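# Examination of the molecular architecture
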Amino acid sequence: MTDTTRTTQVAIIGGGIMGVAAQYQLAENGWTDTILFEKAELTSGSTWHAAGQIAHAVGSRIAGWINKTSIETYKRVERETGQSIGWHEVGGFRIATTDDEVDWMKSIMGVGRLLDLPMELVGPEEVARGNPFYKVDDVKAAVQTFEDGHIDPSGVTMALAAAARARGAKIERRNQVVGASRKGDMWLLRTEKGNVLAEHVVIAAGSYANQVGEWFGLKIPSVSCLHHYLVTDTVPEFQDRPELPVMRDNAFGGYIRQEQMSGLIGIYEGHVCPTVWTMPQGAPWKAENELFEADYDSISDFLMVAFDKMPILADLGIKRVVRGAITHTPDGGMLVGPSGAPNVWLSCGSSIGLAWGGGAGKVLADWMVHGETEINTRSMDPRRYGGFATDTYIVERTKDEFMRRHDTPCPGKQFESLRPVRRHPLYDRLAAKGAVFGEVAGWERPRYFGALGEVEQIGWGHQNWHENAEREAIATRQGAGVIDLCAFAQFEITGKDAGDLLERLSANKIPAREGSIALCHLLTDKGRFETEITVWRVNKERYFIGSAIARATPDFDWIRSHIRPGEDVQVVNLSNDWGMLALSGPASRDILSHATDTDLSNDRFRWLSGREIEVFGIPCYALRVAFTGELGWELHLPLDRIGELYDKLHEVGAAYGLVDLGSYAFNGLRMEKAYRASAELTTDVGMFDVGLDRFFRNEGREFIGKEAALANRDHTHWELLYAEVHSTGIDVHGGEPVLLNGEPVGLTTSGGYGYTIGKSLAFVFVRKGTPRAGLSVQLLNREYALTIHDKALFDPENLRLRGADLPEPYPTAANAPHALAGETE
């Protein structure tokens, strides 16, 4: 122990693949004043016992990009250092034995096309040629990859460490960090060998991340789960032949590959998830190279299926069983990026550390050094979890994720554990009316309304709920619909400096007139999207803010972090205590007129304005905006009275054709109006990339990201287009490749079916300057033509939003084309 306090720009806690890769990537970007602290030896936590597979056949663009970047990084480091990384580029097969799995394989082909990952969709004959020892009786299809494989965990970690050291970075083994506290603008770390002041801290502590996070006031949603793999005795058939590809098969929940002259079988049990070291006890600090006793009872059924799939392994002995702790998160995504504590970053929660380490390190280094990343980071942002993520939720939902790891990830698939995690007063009412729910940040939001107890069918094409959503959408366009949007971020910002704060955060001017509403985009220093918010100016010193519920924590933190010392600003997060009903449709004014004395006419309650009113005697914030593109109001109020408001709206609305609206229909109405959503406003693009120039008001104003956005204005790489998809029975889900003459030129961001216009619609990013004619999208390995439209296909002049007189009547008791008239006589 020394009394001298050292200083460093970045302290990294944890010497596994995630920590060492982050240090290397920081050094690559010029940040070499870093110290990595490892309490034992490098890789001695979970890295050393990993099986080391890295796959190209994955289901999303971000996963494919991360894995591809990792492989490229590891190969580059091997060339640079001369240290072997033990890379076996044997390729692989991902097997499909069901129709849903075949669709998934086709979807994976789109990821490969998008990222230029060599792969082919093959049949059982090609699988048998690639691995003659694998049974293909029930194989319907497979994705064959050629440039992925498996790697030596210790070898690649040591190579990264050598490359980082060569650039000036420091690594201290056998020096445990034992605590941390804030000291001015720095973090004081207490280590076994003295104190260290660090400007930044990276928590890459694997199974210890929870305990380390507590020093910084963080609850890190990561759980250590036990995973088996087994190594057989020598396989005689492996002699004198090329190494076999890695086989991945959901039938036994795992993978089979060759390990030297033996077989290696990895299994994720689908019926149980053993966990260790959960909080509050956490992992023992003295643990090192820890393994756990095998549980053959738990894996025996899966193992028998694996042996049946590859019979040459069935009669061999098992010479080694590895059962180690691997960190997982409640949604399966890793935790990479800002933690929420000042200058504390996470690189942990990684269940596939070798596959993710190199790519995750690049994302983290780009974010820390440059303030931006080259790919959208929303799915790995640690702040995506809110206050609903209790200790119980973190553990139980992570177990659910582990057990479903080898389920087919069909669109619409959800976790079921602990639901409903958050139950608001509308839940039982909506369930009694046949609501089929989707989980949104712990809340339940109706996806559509069907029969009582109906279970949603899921898959890539149109499902049984398509007609339900169509009825809801048409009824809303003809009369009115109300949707439960209680899962919505809501803040109040008050104080004499509140307007100044928002003015320097927003690229758009905040409303100058009391009662007015503006759509505002908050940018990063680099001019990229931080978030999108709606700002209602209640008065000069009071503003109401709304944003997507997934952004509740990050947006709240972002706004508060920019309050200057001495400013009179208070920010209150209402998201957990307030809810919102969105009433829209041509009959919405008539319905609401029965509920309030407020004059709702265009002259007195104009579009894009808000007022505090009483609805059925209940105080509400009424904002005249509607994401459906119809005349409508958002009604914001405390949750304890929202049930009463909902019931009374339906009592009055029945005579006007009021229906409950689910999120599937809601999304279809959004697409008809060409409204951008969070999938378009990602961290890797800015306002000029997505055509939001009209909301960028820089004249005579200074705001965060202004100069960077203007500097990039004429150098944008992407262009967002609104497209009609000429498909039948299938829509865009997001992340599919966009092609021109068969070559990838972009990707989809979101899409859906326009139920009231009968068209499949999508938003697509293409490279700037790409011709609009001849574009297509690849859905399930088939190309569909795109037609690009400059304007929304529904009401492009916004006449309905503005409450203009409409040529077609909406259903009322007098003219409804259904039984409503008879019911109200």
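All of these numbers come straight from a predicted model, not from anything done at the bench.

The rules behind each value
Residues numbered from 1 in each chain as written. Predicted model: local features only at pLDDT ≥ 70, side-chain atom pairs only at ≥ 80, totals over all residues. Heavy atoms only, no water. Phe/Tyr/Trp six-rings, centres within 6.5 Å; stacked < 30°, edge-to-face > 60°. Helix = DSSP H or I, 4+ residues; strand = E, 2+ residues; numbered from the N terminus. Buried < 20%, exposed > 50% of the residue type's maximum accessible area, 1.4 Å probe, protein only. Lys NZ or Arg CZ within 6 Å of the ring centre and 35° of its normal. Axes fitted to C-alpha atoms, helices over the stretch in contact; angles between N-to-C directions. Parallel < 35°, antiparallel > 145°, perpendicular 65-115°, else oblique. Left-handed = near helix turned anticlockwise from the far one by under 90°. Contact = heavy atoms within 4.5 Å. Nonpolar A, V, L, I, M, F, W, Y, C, P; charged D, E, K, R; others polar. Pairing = 2+ DSSP bridges.

Going through the model one piece at a time under the given rule, you end up with 25 aromatic pairs. Ring centres 4.8 Å apart and planes at 70° place the aromatic pair tryptophan 187 and phenylalanine 216 in the edge-to-face group. Separated by 29 residues along the polypeptide, tryptophan 187 in strand 10 (residues 186-191) and phenylalanine 216 in the loop between helix 6 (209-215) and strand 12 (223-234) bring together distant segments of the chain. Using a relative accessible area of 6% as the deciding quantity, one classes tryptophan 187 as buried. One aromatic cluster in this structure is built from Trp536, Phe544, Trp578 and Tyr621. Stacked on the ring of tyrosine 268, the Lys or Arg arginine 405 has its end atom at 5.5 Å from the ring centre. When the ring centre of phenylalanine 794 is taken as origin, the NZ or CZ atom of arginine 477, which lies over that ring, is 3.7 Å away.

Time to look at the packing of helix 1 (residues 17-28) against helix 5 (residues 153-166). Packed helices, taken two at a time, are described by their axes: the angle between them and the distance between them. Where helix 1 contacts helix 5, the axes come no closer than 9 Å and their chain directions differ by 30°. With respect to their mutual orientation, helix 1 and helix 5 come out roughly parallel. The interaxial crossing formed by helix 1 with helix 5 has left-handed handedness. Contact residues: helix 1 offers Ile17, Val20, Ala21, Gln23 and Tyr24, while helix 5 offers Val156, Thr157, Leu160, Ala161, Ala163 and Ala164. Looking at side-chain class alone, the contact of helix 1 with helix 5 contains 9 nonpolar, 2 polar and no charged residues.

This paragraph deals with the sheet that holds strand 32 (residues 658-660). If you trace the 6 strands from one edge of the open sheet to the other, you get 29-30-31-28-22-32, paired in mixed fashion. Looking at the sheet topology across the chains shown, the edges are occupied by strand 29 (610-615) and strand 32. The average angle at which neighbouring strand axes cross in this sheet is 30°, direction not considered. Summarising the sheet, strand 22 (residues 480-484) and strand 32 pair through 3 bridges and their orientation is parallel.

The next subject is the packing of helix 1 against helix 2 (residues 61-81). Between helix 1 and helix 2, the least distance of the axes is 12 Å, while the angle of their chain directions is 70°. On the basis of their axis angle, the class for helix 1 and helix 2 is roughly perpendicular. For the pair helix 1 and helix 2, contact is made by Ile17, Tyr24, Gln25 and Glu28 and by Thr73, Tyr74, Arg76, Val77 and Glu80, respectively. Classifying every residue of the contact of helix 1 with helix 2 by side-chain character gives 4 nonpolar, 2 polar and 3 charged.

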